[in-house]
Amino acid sequence: MGGRPTTAQALLCLVVAAWLPIGDAGVLRVRHRTGVGAHKAAHASVAAHGGGKVSASLALSRQGHAQHARSRKGLLAHRKRNGGVYMVTEELDKLKAFASESHHTIEQRFKLERDRLNAALELTAPGTSDQAAVEHALTQSAEDYSEAKAAATEMLEYYYTAKGMLGGQSPAPSCSFLACGEHAKCSVGEKGARCECEPCYEGDGFRCRAVPCTPQTLGTALRIRGGMPMGYPVIPRETTGETAELKLVVFGKDQLAVFVREISNGDRGTLILGRVADTEVTWGKRHLIDPVLKTFGPVLAASPGGRLAIGFRDKEIDGVGYLMGGHTNTTGDPLQAVLSPAQAIAKSQVERMVLVQLQSSRVVCLYSAITPPDQAGRRHYFGGAVLAEVLSGGPIRIMGDYRFAEGMPISRLAAVALTPSSFVVAFRAQHLPDAPAGQPSLELSVQWIGMSGAELVIDPHPVALEPEHAEFLDRDVALVGQDTFAYTYTGGIKDKGTKMAILSVDPTTHRMSILGGPDLVTSGEPQYIQSVSLPGSPYTPSTFTVFQKPEEYSKAEVCRISAAGRIADCREVPWADQELKAVSAARLVDGRIAMVFIDMNGEVLYQLMNAQEHGAMLDFGK
């Protein structure tokens, strides 16, 4: 079908206009099929005749253009004057009968015409003008038949679509007889075809509105499948690749990036990009981070525009810390990336670094460091912060190197952005053996850092939780609300388990205060913990922390946070059906949580959890 309506389609407009009464200045608009179908015509017609559930545009005549903004009162009067929905339904039934009869008549007429022309063709001499004329007539007859049949089909499509919009429960014979609305799709069941809203939308399949996303669960974890690039792996494999560490980030509306370290590939790292589509993820090919360097402690950050920052160290003990940039492909496959060469930023690395994404494609790399012994044999300890910018094309520009803590060993780093230009860093600071006795413990320290222009500003007043206790190990921080975050940690001499505190940051002075806790949220000593930031939810503020106890399946702890910052109603949410080596999780824009993890065989898998499954976005009061 071209850009101009055919004769049959023009006839369809007249037929439908004749069957459906037009009140006042309303003029029915029926578009010929150009891939969208006739559902816009159905929307316009039903809205013009009181289809109360439907909102659609009207094409008004010149004389009645002033009535485009008809009030609700006028619409109700219009509905009453024209018989309302019931009259429209009756007329639609007549249209269906007419279309079905027309379809049958078209079939019969075409068959008779085809037989007549074929008989005439047998009587003509080959190669004559008579034969050419009959053959042309046969071709024209077939084209007319196709157009007429398409017009009859569009009338039936109009009927089933309009009936469905008016609340009819009878399904269509097939999807070819339905024109579903935006954010809807046709599905075929045992009784016929129906329009259904896509995940994260609800409605009747013709008008769908966005709702808190509750798509169908994956059920079980799926493998991350990424094709291997040419020349990969560096070390030939004899068995399936075994992964030891990983990091997941979410950026843009629906994009994922995963950085993994593979034991079976000589501890080299690979980057895999993915895009969320409904309940699954489409993964691109794997990118080798570096053909030579090993990648212990992989970390990753990404800007909304797809600029990437990647960090790692080249040895497990006493390694060099590297930072590199990259960006997603903007001219070809968006699941491919361009990476820049790695830059060394720190020596004597034994701890995993932390990357914090800030505005303007800037990122802060946090690390713990120890200097070589001086002439007196003394070492200097500090926590460092490198401010860098990922430039267009992917290269990293180092803007400055800072120290947020010094004078004692720094370890167990964790950080979360509070605003586009500020964040908090949690860390373990241990007193040196020769330090005076009786000093308060600084093992649960947290500090505010902000970006001002092209510089970092470090608040000189860190806060330390439980200053009377020590031996705290793993930790994580997550944003709960505006200027409010959760500090979750494990260990401690007094209480063996996982504890949580809620802290607030004064937006002017940057001083921190404890609102709630620390409270014990789960007993036992987990092998790892990871918290997911859940800010901006319309539901009760809550926390979501993944953990795993020895020889148990991985679980999550979900806690409600009151307006005063109190921790309440904590509960365990089982999400994995197996024991896992490592987990990395992040929240998607639609409220789901993306989980990427390593099973005990070293295979990387992923799972998407909706609100009903992870329980952190539900209203605890219901």
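The sections below set out a description of the structure shown in this document. (Residues numbered from 1 in each chain as written. Predicted model: local features only at pLDDT ≥ 70, side-chain atom pairs only at ≥ 80, totals over all residues. Heavy atoms only, no water.)

### Some words on the sheet that holds strand S28 (residues 484–491)
The strand order across the open sheet built from four strands is S27-S28-S29-S30, with neighbouring strands paired in antiparallel fashion. The strands lining the two open edges of the sheet, one partner per strand, are strand S27 (472–481) and strand S30 (512–523). Direction aside, the axes of adjacent strands within the sheet are offset by 20° on average. Direction of pairing for S27 relative to S28: antiparallel, over a ladder of seven bridges. From the neighbouring strand, Val477 faces S28, where its bridge partner is Tyr487. (Pairing = 2+ DSSP bridges. Helix = DSSP H or I, 4+ residues; strand = E, 2+ residues; numbered from the N terminus. Axes fitted to C-alpha atoms, helices over the stretch in contact; angles between N-to-C directions.)

### Regarding the pattern of salt bridges
On inspection of all chains with the given rule, the structure shows 18 salt bridges. The partner of Asp115 in a salt bridge is Arg114, and the shortest N-O contact between them spans 4.0 Å. With relative accessibility at 39%, the residue Asp115 sits in the partly exposed group. Judged by relative accessible area, Arg114 falls into the partly exposed class, the value being 33%. Here Asp590 and Arg592 are joined by a salt bridge, their closest N and O atoms 2.9 Å apart. Judged by its relative accessible area of 29%, Asp590 falls in the partly exposed class. Taken together, the shared-partner salt bridges in this structure form one network comprising Glu245, Arg261, Asp267 and Arg352. (Salt bridge = Lys/Arg side-chain N within 4 Å of Asp/Glu carboxyl O. Buried < 20%, exposed > 50% of the residue type's maximum accessible area, 1.4 Å probe, protein only.)

### Quick look at the layout of surface pockets
Within this model, the second largest pocket holds a volume of roughly 400 Å³. Residue lining of the second largest pocket: 17 residues in total, with Pro199, Cys200, Lys253, Asp590 and Arg592 positioned closest to the centre. (1 Å grid on protein atoms, 1.4 Å probe; cavity = no way out; pocket = protein on both sides within 12 Å on 5 of 7 lines; lining within 4 Å. Points joined across faces, edges and corners; volume = space filled by probe spheres on them.)

### As for unusual backbone geometry
A cis amide bond links Gly517 with the next residue in sequence, Pro518, at an omega value of 5°. Position of Pro518 relative to the elements: it lies in strand S30. Of note in the backbone geometry, Glu466 takes a positive phi value of approximately 40° without being a glycine. Inspection of the secondary structure assignment puts Glu466 in the loop between strand S26 (463–464) and S27.

### Let's talk about the pairing of strand S35 (residues 580–587)
The buried count for S35 comes to six of eight residues, which makes it a mostly enclosed element. Bridge analysis of S35 against strand S36 (residues 593–599) gives seven bridges, and the strand direction is antiparallel. Opposite Val583, over in S36, you have Phe597 as the bridge partner. The turn joining S35 and S36, which pair antiparallel and follow one another in sequence, is formed by five residues; a positive phi near 100° is taken by Gly591.

### Section: the state of the cysteines
Taken as a whole and judged by the stated rule, the model has four disulfides. The disulfide partner of Cys175 is Cys186, and the gap between their sulfur atoms is 2.1 Å. A torsion of -90° about the S-S bond marks the disulfide between Cys175 and Cys186 as left-handed. You can see Cys175 sitting in the loop between helix H5 (129–165) and strand S3 (184–188) and its partner Cys186 sitting in strand S3, a full 11 residues away along the chain. The class of Cys175 is partly exposed, set by a relative accessible area of 28%. (Disulfide = S-S within 2.5 Å.)

### Quick notes on the nonpolar core
Residues Tyr160 and Leu178 are the most contacted members of the largest nonpolar core, which totals 23 residues. Looking at this core, the element that brings in the most residues is H5, giving nine residues. Val354, Ala405, Leu413 and Phe427 belong to the second-largest nonpolar core, a separate cluster that totals 22 residues. (Core = buried A, V, L, I, M, F, W, Y, C linked by side-chain atoms within 4.5 Å.)

### A word on the pairing of strand S15 (residues 319–328)
The buried count for S15 comes to nine of 10 residues, which makes it a mostly enclosed element. By the bridge criterion, seven bridges tie strand S14 (residues 307–313) to S15 in an arrangement that is antiparallel. By the bridge assignment for S15, Arg313 is matched with Gly321. Joining the antiparallel neighbours S14 and S15 is a turn of five residues, in which Asp318 adopts a positive phi near 55°. The pairing of S15 with strand S17 (residues 343–349) spans four bridges and is classified as antiparallel. In the sheet register, Tyr322 faces S17, and the bridge partner there is Ala344.

### What about the packing of aromatic side chains?
A complete count under the given rule lists nine aromatic pairs for this structure. Centroid distance Phe110 to Tyr145: 4.2 Å. Interplanar angle 20°. Geometry classified as stacked. One end of the pair, Phe110, is in helix H4 (residues 84–123); the other, Tyr145, is in helix H5, with 35 residues separating them in the sequence. Both rings, one in Phe312 and one in Tyr322, keep their centres 5.6 Å apart while their planes meet at 20°; by these two values the pair is stacked. With Phe312 in strand S14 and Tyr322 in strand S15, this residue pair connects regions lying 10 residues apart in the sequence. Judged by relative accessible area, Tyr322 falls into the buried class, the value being 15%. Taken together, the ring pairs in this structure connect Phe259, Phe312 and Tyr322 into an aromatic cluster. Sitting above the plane of the Phe382 ring, Arg403 keeps its charged end 3.8 Å from the centroid. (Phe/Tyr/Trp six-rings, centres within 6.5 Å; stacked < 30°, edge-to-face > 60°. Lys NZ or Arg CZ within 6 Å of the ring centre and 35° of its normal.)

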